[in-house]
Amino acid sequence: MLASSSRSWAAWTRALLLQLLLAGPGGCLSRQELFPFGPGQGDLELEAGDDRVSPALELSRGLRFYDKSNIGSVYVTTNGIIAMSQPPAEESHPGVFPPTFGAVAPFLADLDTSDGLGKIYYREDLSPSVTQLAAVCVQRGFPEVSFQPSSVVVVTWESVAPYQGPSRNPAQEGKRNTFQAVLASSDSSSYAIFLYPEDGLQFYTAYSKKDENQVPAVVAFSQGLVGLIWKSDGAYNIFANDRESIENLAKSSNSGQQGVWVFEIGSPATASGVVPADVNHGFDDGAEYEEEDEDYDPVMRLGPEDVATTLFPYETLGRRDTDSYHVPSVLSPRRVATESPPELPTARTRSFKLPVERFPQQRPQVIDVDEVEETGVVFSYNTDSRQTCATNRHQCSVHAECRDYTTGFCCSCVAGYTGNGRQCVAEGSPQRVNGKVKGRIFVGNSQTPIVFENTDLHSYVVMNHGRSYTAISTIPETLGYSLLPLAPVGGIIGWMFAVEQDKYKNGFSITGGEFTRRAEVTFVGHPGKLVVKQQFSGIDEHGHLTIDTELEGRVPQIAFGSSVHIEPYTELYHYSPSVITSSSTQEYTVTEPERDGTAPSHTYIYQWRQTITFQQCTHDDARPALPSTQQLSVDSVFVLYNQDEKILRYALSNSIGPVRDDSPDALQNPCYVGTHGCDTNAACRPGPATQFSCECSIGFRGDGRTCQDIDECSEQPSVCGSHAICNNHPGTFRCECMEGYRFSDEGTCVAVVDQRPINYCTSSLHDCDIPQRAQCIYTGGSSYSCSCLPGFSGDGRACQDVDECQPSRCHPDAFCYNTPGSFTCQCKPGYQGDGFRCVPGEAEKTRCQQEREHILGAAGVDVQQPRPSGFFVPECDEHGYYAPTQCHGSTGHCWCVDRDGREIEGTRTRPGAQPPCLSTVAPPTHHGPAVPTTVIPLPPGTHLLFAQTGKIEHLPLEGNTMKKTEAKALLHAPDKVIIGLAFDCVDKMVYWTDISGPSIGRASLHGGEPTTIIRQDLGSPEGIALDHLGRNVFWTDSHLDRIEVAKLDGSQRRVLLETDLVNPRGIVTDSVRGNLYWTDWNRDNPKIETAYMDGTNRRVLVKDDLGLPNGLTFDAFLSQLCWVDAGTKRVECISPGQPSKRRVLEGLQYPFAVTSYGKNLYYTDWETNSVIAVDLAISKETDDFHPHKQTRLYGITTALSQCPQGRNYCSVNNGGCTHLCLATPGSRTCRCPDNTLGVDCIERK
């Protein structure tokens, strides 16, 4: 019987192999063509139920997955996942993808096998017949690969049901899914095969317990969390995540057989992502079997129209194409016309491709690891070869010099700046620190913690006085008073910028504001302790220090309304390489609210112990060593909790210097005089009087007097991962990759493989001339060529404008004017035409020319003579249109006019001053080669964007420095007069106003064509601003005298303000607080106003000592509003909460628009046609940029590389509004668009 069964099994296997070999891509996969499964094949069966996870399936052969090898076991789940490690209980049901564990997901959804609703089988199979089946499938998907697996994992979900949730979905009653995942492994690589038989997928969505509604299934792979110390999401690949994609799984393929999908999941090629098969089998694939398959029916061939409609628009990756690429976020299988030359493909030879969404990791290389207490890890970035300034200058501050030494390089701040060289700030300049605080704190004897997250911390430091002011917002009343004694939470900032005594260094001079702090606070006589963890991350792109703080533990309860007093104190800081420690015992006095005429007060004691770890440059042996001990003197301490604002405030005055004799800490403690006898690898911890203790340093163990090195390599053999060698060093260890391997971005060792060729054109690594003059042509491999655009000549790397006027291409009776890349023709006087064809006769005069001739003719004055005094004669521009600024020859008054010459109300100036008038007519479009209108994609980083009549240019910033040599055009729009600019940091879109249309438009900085979002019912749109949180656009209209709002796509327009406006221009938002600010340069009553974003609470902010306020900008990080005034020729800044306090920089020439970034303002100037940088810290213009084209500059904005932190009440779900959500301080207002039809819009506050 057994022999008979074996013969039958072998025959069945041969038949299945023959089916796989004969199968063309047109045939659907039947259930009989799945890999054999069931109890008869030795399968294990997963326990029936919902959200079940199997015991570990131990593998006899190691599985490879992404960059990992030798995975020894896998877990099978009900919900369509094969896990590389046991899933945590909280992730047993589908949730946010990717999960924290490695996962292969052929159909990730909430599935259910309760009450006999299907079965799930799994096994590891080593039999030659099954391994050969897997080899055939892989061979079809990757024909160039020779692959023979030694182990195959077969998992089958048979007739499983969707989880129905609390209310059953009638449409899914009786629906069942059957599918299979096969993991095949050899010694060098692993592949996944997903099989979806015909009619095997009868439902495509399932109820999500997390989202509480139906969500589509997902086909994907995830590496899980990576990192030896710091854990973060690894790479993951999503192949299908919408209904259309899932529905096509059984109908499509990437291997040539419908319903069969093959992926390379573990090899040197998959270190950064799974590689899908990419095979197009033509009709000839089955040619060698044609005689055996005589019943194969011929079919109609596709016509040309079919080919045109089936082309796949996205480029797919080949097997070795492991770099990431972008495809649309809505991923669905698309049909592809296969190549089968010389004939057109047949309907049965169509294949299908699923575009892959790839998320590679982006992490720094980590080679040396030094452990430090519980506070984290000090990473050293030294490789075996000496690093030099030539390749690492970018690691130093722009205000530092880099010097090479025998073993490496070091950075040091230049004169006038202080810091550690990596981070430098101007000496004596005020500093700001911003960050977030989260906590989980028990108060008193309460058993319920108070939890808070994402709370803002802001600190202001007067560095030359060593004073630090720290505020932590939105601290609940139940906790605020009890945190009053914790002044050292902000005191660490005081230590950073303490006044330095001679030869002593504060924290910023040592660490550059890049360090980790862990402090423990013990309250004497009170159970428990509080742990403070702080991560300082250096200076951000805005010039502010950044800090993240976490508080956890228990604090004594302090009664509501109490005050806390802390006496001045001293604290000793002990220094060793890369580690700073301190400990102190302090008193604080709590005075409770007055009761019965008395205010009880009590004095308490608490002890602080902290460890600070940082990265120190060790290559400069000549650098003076720090004193082993320094004393921080805190001369005054002020703490306050504001119950109304829920703000906790700490203020301290600090200095750093030697241990003073009058200090109680200066007793002859053995730790200070060196008689302690601690091991050289131990720290001495001073106690009261002459008491002390010895504590072994991190990386050593012992009693402190004797410390032995911990051999991490022996105690943690796998600490370096696969293909790596661990070398122990005193107090630490080093990981090195074996020969033939290198460190990946994740810090693991991966095989060295050939890199794919680089397309220098798309990666902007070419040396062709700028896109306005040349194009880069990719020629395959790593080659490219450069070619000048029409209208330019040269070798493509340097292109010069061709003077089309030499000889002239215009009519003989026309003037030829050469322009960059083009030219224009204009008929001579006495002729009319387009310049290419001129005939005798005067060109029709414009309205301005006619009016001018009429006035001068009536006065008996020749048109060419100077303008007579005594009466007004209009000025026309070179094209015959009204000049935007008109002046009276006798009175000296000037005013602005519209395109028809009518005076614009409120623009008439006093004699001798000219108003900032805008030209409302676009210059004529040049004939000749067309100027491209597509947006040229921006490289990464922060940029300035500014408008110059018919184009928008970008100017990259490095820190606060303008990279003038890299300035380029972003958008050409020669038929527009672009005035205002605004940038959406979320979608990376630039928005603009055009007064020649008039219109409002936008374009993506990733490239593509610009679009117009508003073109109706506009007069003269000038200023524009965005609320990136609420997704709204605001603009001023100086002709219609109003301020409007709309959604970012131009829909749902509403007039916010239309009274008491004369010449509104600049406008800006404070998105987080829900405020709106704008200028009105009405000559008779110039002012700067503010209102909530819903138009309420309108008020005048500034009205005195203004001339012609033009542009304005709001710095969300400084909470500072600044504007430029063309009348007073000043830039001024205020805090909106204190409008009387104004900072002023005088002597500007003719500023128009302004934007802020970090410590700088950047404004456009009409007098110099330039962008000018102003350093507000020193109130001085520091740099300027003159574009190649010397014409007027208009709007300017900052294109931030990432959005500022914060949210408003419209950030989530549109604030619950049906239409417009308009943020206000601490709330929001729901508003309907103007002229709303129907009753579907609800207004409410």
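Above this text you will find the structure in question.
Since the structure is predicted, the reported quantities are computational estimates derived from the model, not experimental observations.

Student: I tried to follow the sheet that holds strand β63 (residues 978–984) on my own but got confused; where do I start?
Tutor: By way of backbone hydrogen bonds, the strands of a sheet pair with one another, either parallel or antiparallel. If you walk across this open sheet you meet the 4 strands as β63-β64-β65-β66, and the pairing is antiparallel. Among the strands making up the open sheet, the edge pair consists of β63 and β66 (1011–1014). Averaged over neighbouring strand pairs, the angle between their axes works out to 30° when direction is ignored. As judged from the 5 bridges shared by β63 and strand β64 (residues 989–994), these two strands associate in the antiparallel manner. Considered in β64, the bridge of I978 is made with D994.

Student: Got a minute to help me understand helix α11 (residues 847–858) in this structure?
Tutor: It helps to recall that an α-helix has 3.6 residues per turn; residues three or four apart then point in one direction. With 12 residues, α11 ought to run about 16 Å at 1.5 Å a step, and its terminal C-alpha atoms sit 16 Å apart, in line with that. Those residues of α11 that sit buried are C848, R852, I855 and L856. Taken around the axis of α11, the buried residues stretch over an arc of 95°, which confines them to a single face. Residues of α11 that are exposed and angled more than 90 degrees away from the buried face: R847, H854 and A858.

Student: I tried to follow the state of the cysteines on my own but got confused; where do I start?
Tutor: Put plainly, two cysteines are in a disulfide when a covalent bond ties their sulfur atoms together. Enumeration according to the criterion identifies 21 disulfides in this entry. A sulfur-sulfur distance of 2.1 Å marks the disulfide that ties C413 to C424. With the S-S dihedral at roughly -90°, the linkage between C413 and C424 falls on the left-handed side. Linking C413 in strand β25 (residues 409–413) with C424 in strand β27 (residues 424–426), this pair joins segments that are 11 residues apart in sequence. Grouping residues by exposure puts C413 and C424 together as buried. Sulfur-sulfur distance for the disulfide between C737 and C749 comes to 2.2 Å.

Student: Before we go on, may I ask you to explain the side chain of N1169 in this structure?
Tutor: Mapped onto the elements, N1169 comes out in the loop between β80 (1160–1165) and β81 (1170–1175). Among residues more than four places away in sequence, those in contact with N1169 are H1186, P1187, Q1190, T1191, R1192 and L1193.

Student: Any chance you could explain the nonpolar core here in plain terms?
Tutor: Generally speaking, soluble globular proteins have nonpolar side chains that are buried together. Ranked by internal contacts, the top residues of the largest apolar core, which has 60 residues, are L486, W495, I566 and Y650. Apart from residues lying up to four places away in sequence, W495 is in contact with N506, G507, T511, F515, Y573, Y575, I580, I612, L632 and I656.

Student: Looking at this model, I keep getting lost on the sheet that holds strand β73 (residues 1087–1092). Mind explaining?
Tutor: Spatial strand order, β71-β72-β73-β74: 4 strands in an open sheet with antiparallel pairing. A strand with exactly one partner marks an edge of an open sheet, and here the two such strands are β71 (1064–1070) and β74 (1099–1102). Each strand of the sheet is rotated relative to its neighbour by a mean of 30°, with strand direction disregarded. Two strands pair when backbone bridges link them, and β71 and strand β72 (residues 1075–1080) are joined in this way by 5 bridges, in the antiparallel orientation. The residue of β72 that forms the bridge with I1067 is W1078.

Student: Sorry if this is basic, but what is going on with the pairing of strand β60 (residues 951–958) here?
Tutor: Each regular strand shows side chains that alternate between the opposite faces of the sheet. Of all 8 residues that make up β60, 7 are buried, and the element is covered over most of its length. Strand direction decides the pairing type here: strand β59 (residues 943–947) and β60, joined by 5 bridges, are antiparallel. Bridging across to β60, F946 finds its partner in E953. Between β59 and β60, which pair antiparallel one after the other, the connecting turn spans 3 residues, and T949 there sits at a positive phi close to 55°. Sheet topology note: the β60/strand β62 (residues 968–972) ladder contains 4 bridges and is antiparallel. Paired with E953 across the strands is A969, a residue of β62. Pairing of β60 with strand β61 (residues 961–962), which is carried by 2 bridges, proceeds in the antiparallel orientation. Along β61, the bridge assignment pairs E958 with T961. Following β60, the chain reverses through 2 residues before pairing antiparallel with β61; G959 in that reversal takes a positive phi of roughly 70°.

Student: Help me understand the pattern of salt bridges in this model?
Tutor: As enumerated under the stated definition, the model contains 38 salt bridges in all. R701 is paired through a salt bridge with E715; the nearest N and O atoms lie 3.0 Å apart. Here R701, found in strand β43 (residues 700–702), pairs with E715, found in helix α10 (residues 712–715); they are 14 residues apart in sequence, far enough to count as distant. Taken together, the shared-partner salt bridges in this structure form one network comprising D50, D51, D110 and K209.

Student: What is the right way to read the environment of A798 from this model?
Tutor: Inspection of the secondary structure puts A798 in the loop between β51 (792–794) and β52 (799–801). With 30 residues separating them in the primary sequence, A798 and C768 have C-alpha atoms 7.2 Å apart. Not counting chain neighbours up to four residues away, the residues in contact with A798 comprise D769, C788 and S793.

Student: What is the right way to read the pairing of strand β69 (residues 1042–1047) from this model?
Tutor: Within β69, 6 of the 6 residues are buried, leaving the element largely enclosed by the surrounding structure. From the end of strand β68 (residues 1032–1037) to the start of β69, which pair antiparallel, there are 4 residues, and D1041 there has a positive phi angle of about 55°. Judged from the 3 bridges that link them, β69 and strand β70 (residues 1054–1057) form a sheet pairing that is antiparallel. Within β70, the residue paired with V1045 across the bridge is R1054. Connecting β69 to the antiparallel partner β70 that follows it, the hairpin turn spans 6 residues, and G1050 within it adopts a positive phi of roughly 90°.

Rules used throughout
- Residues numbered from 1 in each chain as written.
- Predicted model: local features only at pLDDT ≥ 70, side-chain atom pairs only at ≥ 80, totals over all residues.
- Heavy atoms only, no water.
- Pairing = 2+ DSSP bridges.
- Helix = DSSP H or I, 4+ residues; strand = E, 2+ residues; numbered from the N terminus.
- Axes fitted to C-alpha atoms, helices over the stretch in contact; angles between N-to-C directions.
- Expected span 1.5 Å × (residues − 1).
- Buried < 20%, exposed > 50% of the residue type's maximum accessible area, 1.4 Å probe, protein only.
- Arc of directions from axis to C-beta.
- Disulfide = S-S within 2.5 Å.
- Contact = heavy atoms within 4.5 Å.
- Core = buried A, V, L, I, M, F, W, Y, C linked by side-chain atoms within 4.5 Å.
- Salt bridge = Lys/Arg side-chain N within 4 Å of Asp/Glu carboxyl O.

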